[in-house]
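Architecture and fold: a report
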Amino acid sequence: RQRITLINNNKIKTMKNGILTKAQFDEIEDICEKLYEETGPSAVYAYCDEKGIKYDYCSMCECDTPTLKYKTYCTCAVCGQGKG
């Protein structure tokens, strides 16, 4: 099954206040998980920086990390933990 990529090589277009669409959220979360498993956290940071994902504090990582936001749900792009 071929995956339809919603994100091109430029910064992603987010909804209001950096909120992602559900499709963007799911795709970026999958990409970050794969990058983390294959290369490590530095690859996740680099990818999110390239895409313009904003950072917020993650209590699990104990530092500011790229944060994926969808409506009222936020998750750390590095460790996957939900954020307040």
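Every value quoted in this text rests on a predicted model; they were computed, and no experiment measured them.

Brief notes about the pairing of strand S3 (residues 73–76)
Of the strand pairs in this sheet, strand S2 (residues 63–70) and S3 are connected by four bridges, and their pairing is antiparallel. Considered in S3, the bridge of Thr 67 is made with Cys 76. By the bridge criterion, two bridges tie S3 to strand S4 (residues 82–83) in an arrangement that is antiparallel. When the sheet's bridge partners are listed, Thr 75 is paired in S4 with Gly 82. What sits between S3 and S4 in their antiparallel hairpin is a turn of five residues, with Gly 80 showing a positive phi close to 85 degrees.

A short note on the state of the cysteines
In the structure shown here, the tally under the stated rule is zero disulfides. Of all cysteine sulfurs, the one in Cys 32 lies closest to Cys 48, which takes part in no disulfide; the gap is 3.8 Å. Relative accessible area serves as the criterion here: at 0%, Cys 48 is assigned to the buried category.

Regarding the confidence of the model for the protein chain
Scored by pLDDT, the protein chain comes out at a mean of 84, with 79% of its residues at no less than 70. Per-residue pLDDT stays below 50 along residues 1–8; that stretch engages in 14 contacts with residues further than four places along the chain or on separate chains.

What to know about the packing of aromatic side chains
The final tally for this structure, using the stated rule, is three aromatic pairs. An angle of 50 degrees between the planes, with centres 6.2 Å apart, marks the rings of Phe 25 and Tyr 70 as tilted. Of this pair, Phe 25 sits in helix H1 (residues 22–38) while Tyr 70 sits in strand S2, and the two are 45 residues apart along the sequence. In this structure Phe 25 comes out as buried when scored by relative accessible area, which is 4%. What makes Tyr 70 partly exposed here is its relative accessible area of 22%. Both rings, one in Tyr 45 and one in Tyr 55, keep their centres 5.9 Å apart while their planes meet at 40 degrees; by these two values the pair is tilted.

Definitions and limits used
- Every chain is numbered independently, its residues counted from 1 as its sequence is written.
- For this predicted model, a pLDDT threshold of at least 70 governs which residues receive local features, and a threshold of 80 or more governs which side-chain atom pairs are given and counted, while totals over whole chains, interfaces and linings are taken from all residues.
- Only hydrogens and water are removed before side-chain values are computed, so all heavy atoms of the structure are retained for them.
- Strands qualify as paired when DSSP identifies two bridges or more between them.
- The secondary structure listing takes helices from DSSP runs of H or I that are at least 4 residues long and strands from runs of E that are at least 2 residues long, numbered from the N terminus.
- The criterion for a disulfide is a pair of cysteine sulfur atoms lying within 2.5 Å.
- Burial status follows relative accessibility: with a 1.4 Å probe on protein chains alone, a residue under 20% of its type maximum counts as buried, one over 50% as exposed, and anything between as partly exposed.
- The predictor reports its confidence for every residue as pLDDT, a score running from 0 up to 100.
- By the convention used here, residues are in contact when the closest approach between their heavy atoms is within 4.5 Å.
- Here a pair means two rings of Phe, Tyr or Trp (six-membered ring of Trp) with centres within 6.5 Å. Their orientation is stacked below 30 degrees between planes, edge-to-face above 60, and tilted elsewhere.

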